[in-house]
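# Examining the three-dimensional arrangement
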Amino acid sequence: MDKRNYFNTPIWAEEKPEFIKSLNKASNKYIKAARVRNKKIIEDTKDCGHAHHSTPLIHDNDFLDLRNYISQKSWEFLDDHGYAMDKYQTMMSEMWVQEFSKNGGAQHSAHIHGNQHVAGFYFLKCSDKTSYPIFHEPKTGARATKLKMKPEIDSTNGVFNGMDLIHFKPIPGTLIIFPGYLEHEFPVDQGSEPFRFIRWNIQAVPKEMAKDV
């Protein structure tokens, strides 16, 4: 029989190393400031088990090239879904940089960010020894009726329709765009090497509404 896949969940990824140097430099002051704000936490935990978040980056022109690039890519991402994007304008609602604790233990449990249409990551510092994003099966019906997978199937030997988790192993410069509804998490980081990435959310706003913003 014909094999036809419908209701797919797209994730776009590419390597954009040209942003690494300038954005690491631009991020340094934000991470430093976050560590100052978290001084008590760092002292109490010996810098273990915490993610140091920046203040918003939306209005910092040092990040303008990245914002413009991912805003355009997000428009293309939604257009590729078949949405009537001539009626919408993509607007960045959130953008921040974060770095996990130097001594490990930091993680993000599975979550989504409400009322967002496109989300994404840009990895500045990472390796095969650091944490990484894991995406969850978004269809509640599929999760509720999931069967056991074959014992020989895991994340190292391909992607199968029955999987409910997909692992991405980024390198510095990896950019990932995915639907805002897609649940994701970061497993516990061991603190072996620095782990820093930029995170953002984007909304598609009707053009007549965008004019009033």
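This text follows the structure it describes.
Residues numbered from 1 in each chain as written. Predicted model: local features only at pLDDT ≥ 70, side-chain atom pairs only at ≥ 80, totals over all residues. Heavy atoms only, no water.

This part covers the sheet that holds strand β7 (residues 165-167). Read from one edge to the other, the open sheet built from four strands follows the order β4-β9-β6-β7, with strand pairing classed as antiparallel. Of all strands in the sheet, those with a lone pairing partner are β4 (108-111) and β7, marking the two edges. On average, adjacent strands in this sheet sit at an angle of 20° to one another, irrespective of strand direction. Summarising the sheet, strand β6 (residues 134-136) and β7 pair through three bridges and their orientation is antiparallel. Paired with F135 across the bridge in β7 is I166. (Pairing = 2+ DSSP bridges. Helix = DSSP H or I, 4+ residues; strand = E, 2+ residues; numbered from the N terminus. Axes fitted to C-alpha atoms, helices over the stretch in contact; angles between N-to-C directions.)

This part takes up helix α3 (residues 64-80). Compared with the 24 Å implied by 1.5 Å per residue over 17 residues, the 24 Å span of α3 between its first and last C-alpha is a close match. What α3 keeps buried is the set L66, R67, Y69, I70, S71, S74, F77 and L78. Those residues of α3 hidden inside the fold are in contact with β1 (12-15), α1 (20-37), β3 (88-100), β5 (118-125), β8 (174-179) and β10 (196-206). (Expected span 1.5 Å × (residues − 1). Buried < 20%, exposed > 50% of the residue type's maximum accessible area, 1.4 Å probe, protein only. Contact = heavy atoms within 4.5 Å.)

Our next topic: the side chain of D60. As for its position among the elements, D60 is in the loop between β2 (51-53) and α3. A residue is classified by how much of its surface remains accessible, and D60, at 12% relative accessible area, is buried. Apart from residues lying up to four places away in sequence, D60 is in contact with K29, Y30 and R67.

Only a minority of non-glycine residues have a phi that is not negative, and only a minority of peptide bonds are not trans. Although it is not a glycine, K46 sits at a positive phi angle of roughly 60°. Tracing the sequence through the fold places K46 in the loop between α2 (39-45) and β2. K46 sits in the exposed class, given a relative accessible area of 65%. Positive phi, normally seen in glycine, also occurs at N115, with a value near 60°.

Next up on the list: the nonpolar core. Ranked by internal contacts, the top residues of the largest apolar core, which has 26 residues, are M95, Y122, I198 and W200. Among the secondary structure elements, those contributing two or more residues to this core are α1, α3, β3, β5, β8 and β10. Among the nonpolar cores identified, the runner-up in size contains 14 residues, and A106, C126, F186 and F197 belong to it. (Core = buried A, V, L, I, M, F, W, Y, C linked by side-chain atoms within 4.5 Å.)

Our next topic: the pairing of β8. On a regular strand, each side chain points to the face opposite its neighbour's, so the side chains alternate between the two faces of the sheet. By the criterion of burial, β8 is predominantly enclosed, with six of the six residues buried. Bridge analysis of β1 against β8 gives four bridges, and the strand direction is antiparallel. Among the inter-strand pairings, A13 is bridged to a residue of β8, identified as I176. Bridge analysis of β5 against β8 gives five bridges, and the strand direction is antiparallel. Note that in β8 the partner of Y122 across the bridge is L175.

End to end, α1 covers 25 Å across 18 residues, agreeing with the expected 26 Å (1.5 Å per residue, within 8%). Of all the bends in α1, the greatest measures close to 30° and is centred on S27. All of the buried residues in α1 are I20, L23, N24, A26, S27, Y30, I31, A34 and R35. Those residues of α1 that are buried are in contact with α2, β2, α3, β3, β5 and β10. (Bend = angle between axes of the 7 residues up to and from the residue.)

Within β10, nine of the 11 residues are buried, leaving the element largely enclosed by the surrounding structure. Relative to β10, β3 runs antiparallel, the two being bridged by 11 bridges. Note on β10: the bridge partner recorded for M95 is W200. As paired strands, β5 and β10 are joined by seven bridges and run antiparallel to one another. Counted as the bridge partner of G120 is W200 from β10.

The next subject is the pattern of salt bridges. In a structure, side chains of opposite charge can pair up when their charged atoms sit close to one another. The full count for this structure, using the stated rule, is nine salt bridges. With a shortest N-O distance of 3.5 Å, K73 and E76 are connected by a salt bridge. Residue K73 and its partner E76 are both found in helix α3; the two are separated by three residues, about one turn of the helix. On the basis of relative accessibility, which here comes to 28%, the residue E76 falls in the partly exposed class. Among the salt bridges present, the one from R196 reaches E99, with a minimum N-O distance of 2.7 Å. Linking R196 in strand β10 with E99 in strand β3, this pair joins segments that are 97 residues apart in sequence. (Salt bridge = Lys/Arg side-chain N within 4 Å of Asp/Glu carboxyl O.)

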